[in-house]
Amino acid sequence: MRFRHPDGSTVHLAYCTNVHPAETLDGVLAQLRDHCEPVRRRLGRDRLGIGLWLAKDAAHALVTDPSALRGLRTELDRRGLEVVTLNGFPYEGFGAEEVKYRVYKPDWADPERLEHTTALARVLAGLLPDDVTQGSISTLPLAWRTAYDDHRAETARVALRTLAERLDALAELTGRDIRVGLEPEPGCIVETTGDALAPLAAIGHDRIGICVDTCHLATSFEDPLPALDALTEAGVPVVKSQLSAALHAEHPHLPEVREALAAFDEPRFLHQTRTATAAGLRGTDDLGQALDGEALPDASPWRAHFHVPLHAAPAAPLTSTLDVLKGALARLVGGPHPLTRHLEVETYTWQALPAELRPRARSQLTEGIAAELTLARDLLTDLGLKELP
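Just so we're clear, the structure is a prediction, and the values are computed from it rather than from any experiment. (Residues numbered from 1 in each chain as written. Predicted model: local features only at pLDDT ≥ 70, side-chain atom pairs only at ≥ 80, totals over all residues. Heavy atoms only, no water.)

Asker: Run through the packing of helix α4 (residues 111–127) against helix α5 (residues 150–174), naming residues and quoting values.
Answerer: For the pair α4 and α5, the least separation of the axes is 10 Å and the interaxial angle reads 20 degrees. Put simply, α4 runs roughly parallel to α5. As α4 runs across α5, the sense of the crossing is right-handed. Contacts from L114, E115, T117, T118, A121, R122 and A125 of α4 reach α5 at A159, T162, L163, R166, L167, L170 and T174. (Axes fitted to C-alpha atoms, helices over the stretch in contact; angles between N-to-C directions. Helix = DSSP H or I, 4+ residues; strand = E, 2+ residues; numbered from the N terminus. Parallel < 35°, antiparallel > 145°, perpendicular 65-115°, else oblique. Left-handed = near helix turned anticlockwise from the far one by under 90°. Contact = heavy atoms within 4.5 Å.)

Okay, structure coming up:
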């Protein structure tokens with residue numbers, strides 16, 4: 001979906017396909033047929049943006065076989081789909097029964113991460129629509145916080161500088177400007193937008209910036225306006241933003257609230273949980289740990305890294321952080337010039353929701369994704385952007 005900003009530039013809105021796990025190119029092609037095109041038709045649009053997640057094997061197949069890449073581009077066009085952004089955070093196995101900490105491997109101190117991201121950049125340069133010259137890729141924020149010493153930190157910096165050089169060469173070769181954004185996430189070396197400033201300054205390249213995920217922003221209790229202003233003042237480019245909402249519990253000391261939260265404690269994904277105290281931010285690696293005894297203070301609200309559907313906040317006594325998303329979006333694209341032109345709805349947890357909230361059929365998932373995109377569209381038009389055909 002494309003929108004015209006009042007300054008005349010085009011802002012792209014997509015939804016991320018990591019909600020439809022696939023490890024191979026054949027699986028990706030099936031996603032386009034079974035999920036992405038039905039969402040486009042449900043919205044009644046001729047064209048729909050998707051943020052592709054390409055696992056290691058799918059990316060390798062595309063970057064080593066020009067005919068496969070051309071075939072994917074043809075299939076996207078045939079189904080009325082376009083790609084300007086990729087989700088390069090998960091490397092493989094995102095559809096496994098248990099993902100948890102595995103999603104952070106390989107990290108930026110491992111050579112596989114550089115090679116995979118380079119492959120994604122080359123693939124994206126071949127997938128961009130003919131009238132688009134800039135693409136974006138989100139990636140993990142250096143590494144999970146443990147087992148990350150000075151040596152691994154320097155190795156990661158060198159890898160990102162190498163990536164920047166490769167992106168420069170790709171732009172010279174293809175005329176396509178591909179940018180990569182570190183995506184701050186609770187529990188990682190770069191947990192907050194503020195944590196990103198020093199590492200990005202050390203890299204010092206305008207093709208390496210930040211991906212602002214509004215669920216992660218909210219989980220860490222960051223105020224979106226000063227957070228985004230600090231990035232602007234530091235000259236850090238917002239490569240893309242993932243529009244998502246976290247799980248919020250206003251009164252976590254109450255038994256009924258803990259019972260409601262427990263329904264979201266599930267085995268597949270990590271749901272880092274945070275609370276803001278007078279002594280600073282406190283947290284656990286997972287929601288179950290927070291609910292276990294007194295691991296987390298409960299005098300103040302809790303937020304959990306659980307991407308809840310944008311259009312359907314959990315029932316009371318829980319809610320979502322949609323207001324944080326709205327505040328961030330107003331600053332990202334509501335000013336005289338957009339801070340980013342790539343927006344991606346990223347609710348990958350539909351099948352991790354409590355049983356009564358999960359879509360029971362493919363058509364229900366299609367309707368849910370379409371409803372999220374409709375909400376995001378309405379937020380953008382309320383900010384003065386004009387939806388394009």
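Having seen the structure, we can now continue with the description.
Asker: Requested: an account of α5, with residues and values cited.
Answerer: Taking 1.5 Å per residue as the helical rise, α5 with its 25 residues ought to reach 36 Å, and the 36 Å between its terminal C-alpha atoms agrees with that figure. Those residues of α5 that sit buried are R152, A153, A156, A159, L160, L163, A164, L167, L170 and A171. Among the structural elements, α4, β6 (177–182), α6 (193–203) and β7 (208–213) are those in contact with the buried residues of α5. Positive phi shows up at G175, right after α5, with a value of about 75 degrees. (Expected span 1.5 Å × (residues − 1). Buried < 20%, exposed > 50% of the residue type's maximum accessible area, 1.4 Å probe, protein only.)

Asker: Tell me what's going on with the nonpolar core, and back it up with residues and numbers.
Answerer: L13, Y15, I50, L54 and L373 are the most contacted members of the largest nonpolar core, which totals 120 residues. What L373 contacts, discounting residues up to four positions off in sequence, is M1, L13, A14, Y15, V39, L43, L48 and V345. (Core = buried A, V, L, I, M, F, W, Y, C linked by side-chain atoms within 4.5 Å.)

Asker: Any details on the packing of aromatic side chains? Residues and values, ideally.
Answerer: One pass over the structure, following the stated rule, counts 8 aromatic pairs. On the numbers, 5.3 Å between centres and 85 degrees between planes, the contact of Y101 with W144 is edge-to-face. Within this pair, whereas Y101 is found in the loop between β4 (81–87) and α4, its partner W144 is found in the loop between β5 (134–139) and α5, the two being separated by 43 residues in sequence. Plain terms: the ring middles of Y104 and W144 are 4.7 Å apart, the flat faces sit at 35 degrees to each other, and that makes the pair tilted. Taken together, the residues Y104 in the loop between β4 and α4 and W144 in the loop between β5 and α5 connect sequence positions 40 residues apart. We classify Y104 as buried; its relative accessible area is 3%. For W144, a relative accessible area of 9% translates into the label buried. Taken together, W53, F94, F269 and Y348 form an aromatic cluster joined through their ring pairs. (Phe/Tyr/Trp six-rings, centres within 6.5 Å; stacked < 30°, edge-to-face > 60°.)

Asker: Tell me about the environment of Q31, residues and numbers included.
Answerer: Along the chain, Q31 turns up in helix α1 (residues 25–43). A residue is classified by how much of its surface remains accessible, and Q31, at 3% relative accessible area, is buried.

Asker: Please give an account of the pattern of salt bridges that cites residues and values.
Answerer: All told, the structure shown has 31 salt bridges when counted by the stated rule. In this structure, D131 and R2 form a salt bridge, with 2.8 Å as the shortest nitrogen-oxygen distance. A residue pair is termed long-range when its members are at least 10 positions apart, and D131 in the loop between α4 and β5 and R2 in strand β1 (residues 2–4) qualify at 129 residues. What you see here is one network of salt bridges that share partners, running through E37, R40, R41, E75, R78 and R79. (Salt bridge = Lys/Arg side-chain N within 4 Å of Asp/Glu carboxyl O.)

Asker: Describe helix α12 (residues 362–382), with residues and values.
Answerer: Here α12 contains 21 residues, and its C-alpha end-to-end distance of 30 Å stays within 8% of the 30 Å for a straight helix at 1.5 Å per residue. The complete set of buried residues in α12 reads L365, T366, G368, I369, A370, E372, L373, L375, A376, L379 and L380. Where α12 terminates, the next one or two residues include G384, which has phi positive at roughly 100 degrees.

Asker: Break down the sheet that holds strand β11 (residues 280–284) for me, with residues and values.
Answerer: Here we have 5 strands laid out as an open sheet, ordered β11-β10-β12-β9-β13, and antiparallel in their pairing. The open sheet has two edge strands with one neighbour each: β11 and β13 (318–320). On average, each strand axis in the sheet is inclined to that of its neighbour by 30 degrees, with strand direction left out of account. Inspection of the sheet shows strand β10 (residues 273–277) paired to β11 by 5 bridges, in the antiparallel sense. Considered in β11, the bridge of R274 is made with G283. (Pairing = 2+ DSSP bridges.)

Asker: Describe the side chain of R176, with residues and values.
Answerer: Looking at the secondary structure, you find R176 in the loop between α5 and β6. Of the buried charged residues, R176 lacks a salt bridge, with D130 as the closest side chain of opposite charge at 4.5 Å. A distance of 3.4 Å separates a polar side-chain atom of R176 from the backbone oxygen of A125. Within the structure, the side chain of R176 is placed 3.4 Å from the backbone oxygen of L128, a separation counted as a polar contact. For R176, the contacting residues outside a window of four places in its chain are A125, L128, P129, D130, V132, T133, L170 and A171. (Lys, Arg positive; Asp, Glu negative; His and termini not counted. Polar contact = N/O pair within 3.5 Å; in protein donor to acceptor, adjacent residues only side chain to side chain.)

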